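Results of the structural survey
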Amino acid sequence: MTPLNSAVETLISSSNTLFILLGAIMVFAMHAGFAFLEVGTVRHKNQVNALVKIMTDFAISALVYFFIGYQIAYGVSFFDSASVLAENNGYALVKFFFLMTFAAAIPAIISGGVAERAKFYPMLISAAIMVGIAYPFFEGLIWNGNYGFQAWLERSFGAPFHDFAGSVVVHAFGGWVALAAIILLGTRNGRFKQGKLVAFAPSNIPFLALGAWILCIGWFGFNVMSAQTLDGISGLVAVNSLMAMVGGTLAAMIFGKNDPGFIHNGPLAGLVAICAGSDIMHPIGALTTGVVAGAIFTFLFTFIQQKLKHTDDVLGVWPLHGVCGLWGGIAAGIFGLEQFGGLGGVSFYAQVIGSLLGATVALISGLIVYGVIKSISGLRLSEEDEFNGADLAIHKIGSIGKE
């Protein structure tokens, strides 16, 4: 190998490492968005708990994914020497960091659904099991071709299940796991009186908006940098993400009747839905995907709040991530087709099967994990602790200190 070729290879390797590292940092920053979105939505007596959960969930996710989950998904362990791990500018390590930030989104999603009444350590243990075992099983099935599922879809329908940045693998999975936890936890005390809904208004709209903005910005790292190498980067992914975000915002504005909670979750609905097909759709298809997602979130969140009295989803994570993620997986099989302006190479039937499988695996996993933990230690705070708030009950301090 000539010195010039060696220098070029080093430049490519280091550039790819920096590229995916920047993506990992952007997705890592999104966890601040999850935190502030929850802080702004829950009541004041639960704000500290929201912040602590996101931080500790991230830490435990990094640990279990490093030692267990990444090997389940990709067959890679990190028990080699540091000299081996540092090869190719440490690209393999940074790739793990990037994918770990995706895995850590699972408990961050769940956190918003179970807010204000969940115990701390039982939920942390449950999150560790989900990120260490259940999530990587499905992740490896789709993104690493484990167990021949993708090969079977390709033989049967002409294309494997396409999920470029995780509409189903990450968001739908997290949303459907959250649904299981929400059902097992039950409704917050005082939520219904004499059969009528008691509205628990968001405690801080500016914090809620800040969380939404942080998530929207970080999402361009989530989607664009899912290419994982510089030669795979595509402006199509960026513009499709933008158009879906805009579509979700406007749909939520119209159908949510200018409600700020809907308006700031609308762009997130659009971004959840576009992850799967952001690399193959036409921007107009992405816009349509976002509009439908914004409408789905607005109508479904309203419905479950008012009609499903045993499904108390505080942030609406099941409609936002679970259902909009499911829609995103299916939408990739529609607007990714060449006849709808897409790049092709996708099958509608494979997208439906893959999306439904993701929801099924997530829901069953959630019911098993949270069901077992509930039977052992319980998932829910006592009535007194819930009344006083998770901040004082768990952390012994409120969000606003007293003089």
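The model shown is predicted, which means the values in this text are computed figures rather than measured ones.

Some words on the packing of helix H6 (residues 120–143) against helix H14 (residues 348–377)
A pair of packed helices is characterised by two quantities: the angle between their axes and the separation of those axes. Taken N-terminus to C-terminus, the directions of H6 and H14 make an angle of 155°; their axes are 10 Å apart at the nearest point. Relative to H14, H6 is oriented roughly antiparallel. Along this stretch, H6 crosses H14, giving a crossing that reads as right-handed. The segment H6 lies against H14, with Pro122, Met123, Ile125, Ser126, Ala127, Ile129, Met130, Ala134, Phe137, Phe138 and Leu141 engaging Gly354, Leu357, Gly358, Val361, Ser365, Gly366, Val369, Tyr370, Ile373 and Ser377. Split into classes, the residues belonging to the contact of H6 with H14 amount to 15 nonpolar, 6 polar and no charged.

Details of empty space enclosed by the protein
Taken as a whole and assessed by the stated rule, the structure comprises 3 cavities of 30 Å³ or more. Counted as a void, the largest cavity has a volume near 110 Å³. Every element with two or more residues in the lining of the largest cavity is listed here: helix H2 (47–74), helix H5 (105–113) and H6. A per-class count over the lining of the largest cavity returns 10 nonpolar, 3 polar and 3 charged. Lining the second largest cavity are Phe34, Leu37, Glu38, Ala108, Ile109, Gly112, Leu315, Val317, Leu320 and His321.

Describing helix H11 (residues 260–274)
The first and last C-alpha atoms of H11 sit 22 Å apart over 15 residues, in line with the 21 Å expected at 1.5 Å per residue. The sharpest bend along H11 comes to roughly 25°, located at glycine 266, with the proline proline 267 sitting one to four residues further on. Of all 15 residues that make up H11, 13 are buried, and the element is covered over most of its length. The N-capping residue of H11, defined by a side-chain oxygen 2.8 Å from the backbone nitrogen of glycine 261, is aspartate 259.

Calculation criteria
- Residues numbered from 1 in each chain as written.
- Predicted model: local features only at pLDDT ≥ 70, side-chain atom pairs only at ≥ 80, totals over all residues.
- Heavy atoms only, no water.
- Axes fitted to C-alpha atoms, helices over the stretch in contact; angles between N-to-C directions.
- Helix = DSSP H or I, 4+ residues; strand = E, 2+ residues; numbered from the N terminus.
- Parallel < 35°, antiparallel > 145°, perpendicular 65-115°, else oblique.
- Left-handed = near helix turned anticlockwise from the far one by under 90°.
- Contact = heavy atoms within 4.5 Å.
- Nonpolar A, V, L, I, M, F, W, Y, C, P; charged D, E, K, R; others polar.
- 1 Å grid on protein atoms, 1.4 Å probe; cavity = no way out; pocket = protein on both sides within 12 Å on 5 of 7 lines; lining within 4 Å.
- Points joined across faces, edges and corners; volume = space filled by probe spheres on them.
- Expected span 1.5 Å × (residues − 1).
- Bend = angle between axes of the 7 residues up to and from the residue.
- Buried < 20%, exposed > 50% of the residue type's maximum accessible area, 1.4 Å probe, protein only.
- Polar contact = N/O pair within 3.5 Å; in protein donor to acceptor, adjacent residues only side chain to side chain.

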